[in-house]
Amino acid sequence: MSGDDTWADAPIAERAPVGARETADANRRWWDAEAEDYLAEHGAFLGDVELVWGPEGWAEAELGLLGDRSALSGATVLEIGGGAAQGGRWVAAQGARVVSTDLSGGMLAAARTVSRRSGVDVELAQCDACVLPFAEAAFDIVLTAYGAIPFVADSARLLTEVARVLRPGGRAVLSTTHPIRWAFPDVPGEAGLTATTSYFDRTPYVEREPDGSVRYTEHHRTIGDRVRDAVAAGLRVVDLVEPEWPARNDQTWGGWSPLRGRLLPGTLVLVLERS
Ligand SMILES: C[S@@+](CC[C@H](N)C(=O)[O-])C[C@H]1O[C@@H](n2cnc3c(N)ncnc32)[C@H](O)[C@@H]1O
């Protein structure tokens, strides 16, 4: 769910190996620089106090993936890659104690603005989702709507961290780009309906600055990889949700569009529980 120019129109874009450190540094800079524009473009769709799982527009109030809504009251909740913390704010409004975290100080500054505007506050902290500064079993729920998961080089490490901070029986609900999308050009129209690369090619997507340094990157895993990483981390797979494009949504978000949404899944939501 990055800006519309991050795949198709990028001037220097390629599939190339890129390590964890370089990935985090580049993506922190990118989200810092893009925070304002990103929210100007997508903020109204996301809402200030709303947990929207992806460009399909399904909200947690409709899907109930976090579990029984009444149980959110008093729950301890960690949002990773929370951006402007819209999702965390919705959970807080249900009575949960929420910490919303993000790699980018720019996105957290936007979160503070939205908290003031909406009158719903959540605790904020800056961290990489692969290195969570929280104690073991500190949370009942970990969630993200498109934060961190598509952006980290070490998916296994991220899920190990999620499992570590969850209490036994706690739930993680993590949405991300549906892996099948990696086989198709990331454009909203007809050209986005023909597979052009291998689904099995895990080589990262990289945009470079004119001097060759990494500007932005995303990392692909297959569905099998995600499940394997979750199970290895000590998480049980409760559900893999592939939300269908609802007829009510006529909005395009980057490569996510009604045309493609009618034919292909755009979002994968991992619903996991700590063993
Ligand atoms: C598409 S936004 C998702 C945030 C929000 N839920 C939304 O829909 O706008 C992606 C977020 O992931 C964050 N992010 C990227 N890499 C991360 C990492 N390694 N750890 C934590 N957050 C990360 C970005 O800074 C950005 O705020």
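Please refer to the structure higher up on the page.
To start, this report covers the structure provided alongside it. (Residues numbered from 1 in each chain as written. Predicted model: local features only at pLDDT ≥ 70, side-chain atom pairs only at ≥ 80, totals over all residues. Heavy atoms only, no water.)

### Digging into the site of the ligand
At step 1: Around the ligand, 20 residues are found, and the nearest of them are Tyr38, Asp102, Asp128, Ala129 and Ala145.
At step 2: Measuring from a nitrogen atom of the ligand, one finds a backbone N or O atom of Leu103 at 3.3 Å.
At step 3: Here the shell around the ligand is built from residues that sort into 13 nonpolar, 5 polar and 2 charged. (Near = heavy atom within 4 Å. Polar contact = N/O pair within 3.5 Å; in protein donor to acceptor, adjacent residues only side chain to side chain. Nonpolar A, V, L, I, M, F, W, Y, C, P; charged D, E, K, R; others polar.)

### What about the pattern of salt bridges?
At step 1: Evaluation of the coordinates by the stated rule reveals 13 salt bridges.
At step 2: With its nearest N and O atoms 3.9 Å apart, the salt bridge here joins Arg260 to Asp186. Residue Arg260 is found in helix H7 (residues 258-261), and its partner Asp186 is found in the loop between strand E6 (166-177) and strand E7 (205-208); the two are separated by 74 residues along the sequence.
At step 3: Take Arg260: its relative accessible area is 0%, and that puts it in the buried class.
At step 4: By relative accessible area, Asp186 is classed as buried at 18%.
At step 5: Put simply, Arg228 and Asp225 hold a salt bridge, and the shortest N to O gap is 3.0 Å. Of this pair, Arg228 and Asp225 both sit in helix H6 (residues 223-232), 3 residues apart, roughly one helical turn. (Salt bridge = Lys/Arg side-chain N within 4 Å of Asp/Glu carboxyl O. Helix = DSSP H or I, 4+ residues; strand = E, 2+ residues; numbered from the N terminus. Buried < 20%, exposed > 50% of the residue type's maximum accessible area, 1.4 Å probe, protein only.)

### Quick look at H6
At step 1: Of the positions making up H6, those classed as buried are Asp225, Arg226, Asp229 and Ala230. One side of H6 holds all its buried residues, which, seen down the axis, span an arc of 130°. Of the exposed residues in H6, the ones pointing more than 90 degrees away from its buried face are Arg228 and Ala232.
At step 2: Residues of H6 that are buried sit in contact with helix H5 (155-165), E6, strand E9 (235-241) and strand E10 (267-274).
At step 3: Following H6 by one or two positions, Gly234 adopts a phi angle in the positive range, close to 95°. (Arc of directions from axis to C-beta. Contact = heavy atoms within 4.5 Å.)

### A word on the sheet that holds E9
At step 1: One open sheet holds the 7 strands; their spatial order is E4-E3-E2-E5-E6-E10-E9, and the pairing between them is mixed. Here the strands that pair on one side only, and so sit at the sheet edges, are strand E4 (123-126) and E9. In this sheet, adjacent strand axes meet at a mean angle of 20° when their direction is disregarded. (Pairing = 2+ DSSP bridges. Axes fitted to C-alpha atoms, helices over the stretch in contact; angles between N-to-C directions.)

### Looking at the sheet that holds strand E8 (residues 214-218)
At step 1: As summarised here, the arrangement of the 3 strands in space is E1-E7-E8, forming an open sheet in which the pairing is antiparallel. Looking at which strands have only one partner, the edges of the open sheet turn out to be strand E1 (13-15) and E8. Averaged over neighbouring strand pairs, the angle between their axes works out to 25° when direction is ignored.
At step 2: As defined by bridge partners, E1 adjoins E7 across 3 bridges and the pair is classed as antiparallel. Each residue of the ladder has a partner; that of Arg15, found in E7, is Tyr205.

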